[in-house]
Amino acid sequence: MNRRFAFASAVGLAAIMAAASVTGSHAADQRVTLALPAQSILFSPIYIAADKGYFKDEGLDVSTVVVAGPGTLSAVVSGSAQFGTIAGGIVLAAAAKDQPTQIVGLTQTAFSTEMVLSKEAVKKTGVAADAPADKRGAALKGLTIGVDAVGGLPHSYLRYIAKKYGLDAGKDMQVTPLAPPAMVAALQQGRIDGFVFSQPFTLQAVDEGASVWFSGARGDLPELNPNAYNAIITKPGYCKANADTCKHFMGAINKALSLMKSNPDEALGSIKKVFGTMPEGLLKRSFDLSVKLAPANASVTEEAMKNTVEYVKTSGILPADAKLPPLADLYDNSFNAQK
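None of the values given here were measured: they were computed from a predicted structure. (Residues numbered from 1 in each chain as written. Predicted model: local features only at pLDDT ≥ 70, side-chain atom pairs only at ≥ 80, totals over all residues. Heavy atoms only, no water.)

Colleague: Hey, could you run me through the pairing of strand 5 (residues 114-117) in this one?
Modeller: Side-chain positions along a regular strand alternate between the two faces of the sheet. Alternating positions in strand 5 separate into two faces, Glu114 and Val116 on one and Met115 and Leu117 on the other, with burial throughout. Bridge count between strand 5 and strand 9 (residues 211-215): four bridges; the pairing is antiparallel. By the bridge assignment for strand 9, Val116 is matched with Val212. (Buried < 20%, exposed > 50% of the residue type's maximum accessible area, 1.4 Å probe, protein only. Helix = DSSP H or I, 4+ residues; strand = E, 2+ residues; numbered from the N terminus. Pairing = 2+ DSSP bridges.)

The structure is reproduced here in structure tokens:
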């Protein structure tokens, strides 16, 4: 794996500050820090851009840090990371609280989040996994569900489903934060009834006997798409002051997206270096889905932003009457080469 892309675990922003470069000079513009909320197949374009040397080809030295859930956004807002990647819904929620960031690209525009339940939990609900969605939604009452972080995308997905089917995720179920790799073990041990995340962890749980309860990947909740599902963000004003850096950064991301679409087998080789201990079949299934849901280009669309607004308000992440900045102020396509 490219040493410029070595992961650093971070408990808080102090660790990020130590890893980050100070912006404002030419040297700092070329050496940048990228914050990620987790290690996930969802971030395949970033792993590929690093491993294939696309960042280096664009004249950038990119280091990364991993901060759970919304901490990624805090890293960008504080200026301790120049770039971050996080759900667009989290971006909107922060903007409504006067913590704006700017989306400069989307690396996935359709939901791949899934909820899985253990065999024991399915029996406890008395509802079949292929029952109508309204019955599956109502059956979540009283269950303990794992998410990666309170306030993160999986948590918001749980809240959306709960509200759609007449529940309150904060009152009608127990929410337990867990690191994604620990979710499958916790499910097997009976410490949680289910969890919300994405592939490969949901696929692994299903391979070991769990049932898919809701799945964006199979087309559940189609009203959510297209969506700013995974966004590349910067601090407002950063790209205006460092336009070349942002163009080069997004240039590398778009090269990775292009490789995923044109030569997925080659792109998968880069992903294997990040998830080397994962069974090859499981990894390929997860990556194939990422390829399917990835856009050909990282450009942001107004429709995706509008659907994301509807999502955050329906899920209760934001009140229905929450005031947001104009959508045009929250994203900028200037740094994406149009194809």
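Now that the structure has been shown, we can carry on.
Colleague: Please clarify how the packing of aromatic side chains should be interpreted in this entry.
Modeller: To describe a pair of aromatic rings, you give the distance between the ring centres and the angle between the ring planes. One pass over the structure, following the stated rule, counts ten aromatic pairs. For the ring pair Phe111 and Tyr157, a centre distance of 5.7 Å and an interplane angle of 25° mean the geometry is stacked. Linking Phe111 in the loop between strand 4 (102-108) and strand 5 with Tyr157 in helix 9 (residues 153-164), this pair joins segments that are 46 residues apart in sequence. The exposure class assigned to Phe111 is buried, which follows from its relative accessible area of 2%. Clustering of aromatic rings is evident, with ring pairs tying together Phe111, Tyr157, Tyr160, Tyr229 and Tyr311. It is Arg136 that lies over the ring of Phe214; its NZ or CZ is 4.7 Å from the centre. (Phe/Tyr/Trp six-rings, centres within 6.5 Å; stacked < 30°, edge-to-face > 60°. Lys NZ or Arg CZ within 6 Å of the ring centre and 35° of its normal.)

Colleague: Looking at this model, I keep getting lost on the sheet that holds strand 4. Mind explaining?
Modeller: The mixed open sheet is built from five strands, whose spatial order is 2-1-3-10-4. At either margin of the open sheet sits one strand with a lone partner, and together these are strand 2 (61-66) and strand 4. Going across the sheet, the axis of each strand differs from the next one's by a mean of 25°, ignoring polarity. Examined bridge by bridge, strand 3 (residues 83-86) and strand 10 (residues 230-234) share three bridges and lie antiparallel to one another. In the sheet register, Gly84 faces strand 10, and the bridge partner there is Ile233. The sheet strands contacting helix 13 (residues 243-262) are strand 1 (31-36), strand 2, strand 3, strand 4 and strand 10, and the helix crosses strand 4 at an angle near 10°. (Axes fitted to C-alpha atoms, helices over the stretch in contact; angles between N-to-C directions. Contact = heavy atoms within 4.5 Å.)

Colleague: When you look at the pattern of salt bridges in this model, what are you seeing that I'm missing?
Modeller: A side chain of one charge can pair with a side chain of the opposite charge when the charged atoms of the two come close. In this structure the tally under the stated criterion is ten salt bridges. A salt bridge links Glu223 to Lys164; the shortest N-O distance between them is 3.0 Å. In this pair, Glu223 is assigned in the loop between strand 9 and strand 10 and Lys164 in helix 9, connecting sequence segments 59 residues apart. (Salt bridge = Lys/Arg side-chain N within 4 Å of Asp/Glu carboxyl O.)

Colleague: I keep staring at the state of the cysteines and nothing clicks. Help me out?
Modeller: Each disulfide is one covalent bond, formed between the sulfur atoms of two cysteines. Scanning the entire structure with this criterion turns up one disulfide. Here Cys239 pairs with Cys246 through a disulfide, and the sulfurs are 2.0 Å apart. Across the disulfide from Cys239 to Cys246, rotation about the S-S bond amounts to roughly -85°, and the bridge is consequently left-handed. Residues Cys239 and Cys246 agree in their burial class; the two are buried. (Disulfide = S-S within 2.5 Å.)

Colleague: What is the right way to read the sheet that holds strand 5 from this model?
Modeller: Strand pairing in a sheet relies on backbone hydrogen bonds, with the paired strands running either antiparallel or parallel. Ordered in space as 7-6-8-5-9, the five strands form an open sheet in which the pairing is mixed. Pairing within the sheet leaves two strands with one partner each, and these edge strands are strand 7 (174-177) and strand 9. Strand after strand, the sheet turns through a mean of 25° between neighbouring axes, direction not considered. Lying over the sheet, helix 10 (residues 180-188) contacts strand 5, strand 6 (144-147) and strand 8 (194-197), oriented at roughly 160° with respect to strand 8.

Colleague: Explain helix 14 (residues 264-274) here, please?
Modeller: Every α-helix carries 3.6 residues per turn, so stepping three or four residues along brings you back to the same face. Buried residues of helix 14: Ala267, Leu268, Ser270, Ile271 and Val274, and no others. Viewed end-on, helix 14 has its buried residues packed into an arc of 155°, placing them on one side of the element. Looking at the buried side of helix 14, the elements it contacts are helix 3 (44-51), helix 13 and helix 15 (280-293). (Arc of directions from axis to C-beta.)

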